[in-house]
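# Notes for the structure review
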Amino acid sequence: MPALNLFAAVRAALAESDVEMKLARVDQLADDWQDGRLALTAIDDATPLLAPGRPPRPDLIPPRDLPKRDLNGPEGHAALIHALCHIEFTAINLALDAVYRFPALPAAFHADWLGVAVEEVLHFRLLSTHLGRLGHAYGDFPAHGGLWEAATLTAHDPLARMAVIPRYFEARGLDVTPGIQARLRGFGDAAGGDILDIILRDEIGHVAAGDRWFRALCAERGLDPRVEWPRQLAAVRLPAPRGPFNAPARARAGFPVEELASP
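Residues numbered from 1 in each chain as written. Predicted model: local features only at pLDDT ≥ 70, side-chain atom pairs only at ≥ 80, totals over all residues. Heavy atoms only, no water.

### Regarding the overall build of the protein
This is how the line gets drawn: A run of H or I in DSSP becomes a helix once it reaches four residues, and a run of E becomes a strand once it reaches two; helices and strands are each numbered from the N terminus. Restricting the calculation to C-alpha atoms gives the radius of gyration, and the globule rule supplies 2.2 Å times the number of residues raised to the power 0.38. Summary of the burial criterion: residues with accessible area below 20% of their type's maximum are buried, those above 50% are exposed, and those between are partly exposed, where the area comes from a 1.4 Å probe applied to protein chains only. Working rule for contacts: check all heavy atoms of both residues, and any pair within 4.5 Å makes them a contact. Here the accessible surface of atoms and residues is derived via Shrake-Rupley with a 1.4 Å probe, and residues count as covered only by protein chains that are part of the display. Charge counting treats Lys and Arg as positive and Asp and Glu as negative, with His and both chain ends excluded. Taken as the charge location is NZ of Lys, CZ of Arg, CG of Asp or CD of Glu.
Along the backbone of the protein there are nine helices and two strands. The order of α-helices and β-strands along the protein, N terminus first, is β-α-α-β-α-α-α-α-α-α-α. In terms of C-alpha radius of gyration, the protein reaches 18 Å, essentially the compact-globule figure of 18 Å for 263 residues. Projecting the C-alpha coordinates of the protein onto the three principal axes gives extents of approximately 50 × 45 × 30 Å. Relative to its full complement of 263 residues, the protein shows a buried share of 48%. Considering only residue pairs separated by 6 or more positions, the protein has 80% of its internal contacts joining residues 24 or more positions apart. Accessible surface, the protein as shown: approximately 12300 Å² in total, 58% of it carbon and sulfur. In the protein, the 27 positive side-chain charges and the 34 negative ones have mean positions that sit 5 Å from each other.

As structure tokens, this is what we get:
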């Protein structure tokens, strides 16, 4: 019989501010879930966290104030890898928050987003190690908190969360990753490009999970996904995505480019 509570354990991981401890907590979550030790029962303190735990650095500044990450030398190279590292760290928190914030959803939903959290941990470790080879560490460069702000705006509804985080932001990641890989490999960073091969492969699955749950929630509420998606983007003032698109990756994720056009 399960001896631990899923939502209490996820909250502890989400609230953890030490980077290595957060990663270790996700590792333990994955083991406990796999071994059937986690119960999906309500907890006494189910208040959503206003913000996830994060280390004192990197400094978070508005996106407009971030310096351009040009691949024009070692510092720009490290800054680009650091930016990718920060995206993956934020993605760990986003996946954990999806589990914790929407406890009434089926166990399959929680399994999907725990699996996403595990893969985001892998991505962070790969990029963090690579950043270390460049003589830097996570926190050495400023970053922005835009992704978490999007999570806050969609905290009221899992349908909104699925529409915005996986179907918008992560899907845009599918579009831009090949260009970043080309830049890195052109700069001589074959290892960085190879890491992005792994991330792109896994992110297709993340977009697929978000798309699957978005469609399921639309069906449950009698909504047309092609009408509801632009409505959800407009509600949080996000513009429609613009190309170029990674059509093969989007198709593999079940969210083809053709569906981006308004009905």
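That covers the picture; the talk isn't over yet.
### Here we look at the side chain of R101
Of note, R101 is situated in helix α3 (residues 74-101). R101 gets classed as buried once you look at its relative accessible area, which sits at 17%. If near-sequence neighbours (up to four positions away) are discounted, R101 is found in contact with P48, L49, W148, A155 and R161.

### What about the packing of aromatic side chains?
What counts here: We call Phe, Tyr and Trp rings a pair once their centres come within 6.5 Å, taking the six-membered ring for Trp, and we label the pair stacked below 30 degrees between planes, edge-to-face above 60, and tilted otherwise. A positively charged side chain is recorded as over a ring if its NZ (Lys) or CZ (Arg) lies within 6 Å of the ring centre. The angle to the ring normal must also be within 35 degrees.
This structure, assessed with the given rule, holds seven aromatic pairs. Taking the centre distance of 5.7 Å and the plane angle of 55° together, the rings of F89 and F124 count as tilted. Placement of the pair is F89 in helix α3 and F124 in helix α4 (residues 107-133), with a sequence separation of 35 residues. For F89, a relative accessible area of 2% puts it in the buried group. The buried category is assigned to F124, whose relative accessible area is 2%. With a centroid separation of 5.2 Å and 85° between ring planes, the pair formed by W229 and F255 is classed as edge-to-face. Residue W229 is found in helix α8 (residues 225-235), and its partner F255 is found in the segment after α9 (247-252); the two are separated by 26 residues along the sequence. This pair shows no difference in class: W229 is buried, exactly as F255 is. Clustering of aromatic rings is evident, with ring pairs tying together F89, F124 and Y138. When the ring centre of F255 is taken as origin, the NZ or CZ atom of R167, which lies over that ring, is 3.9 Å away. One residue, R250, lies across the ring of F255, its end atom 5.6 Å from the ring centre.

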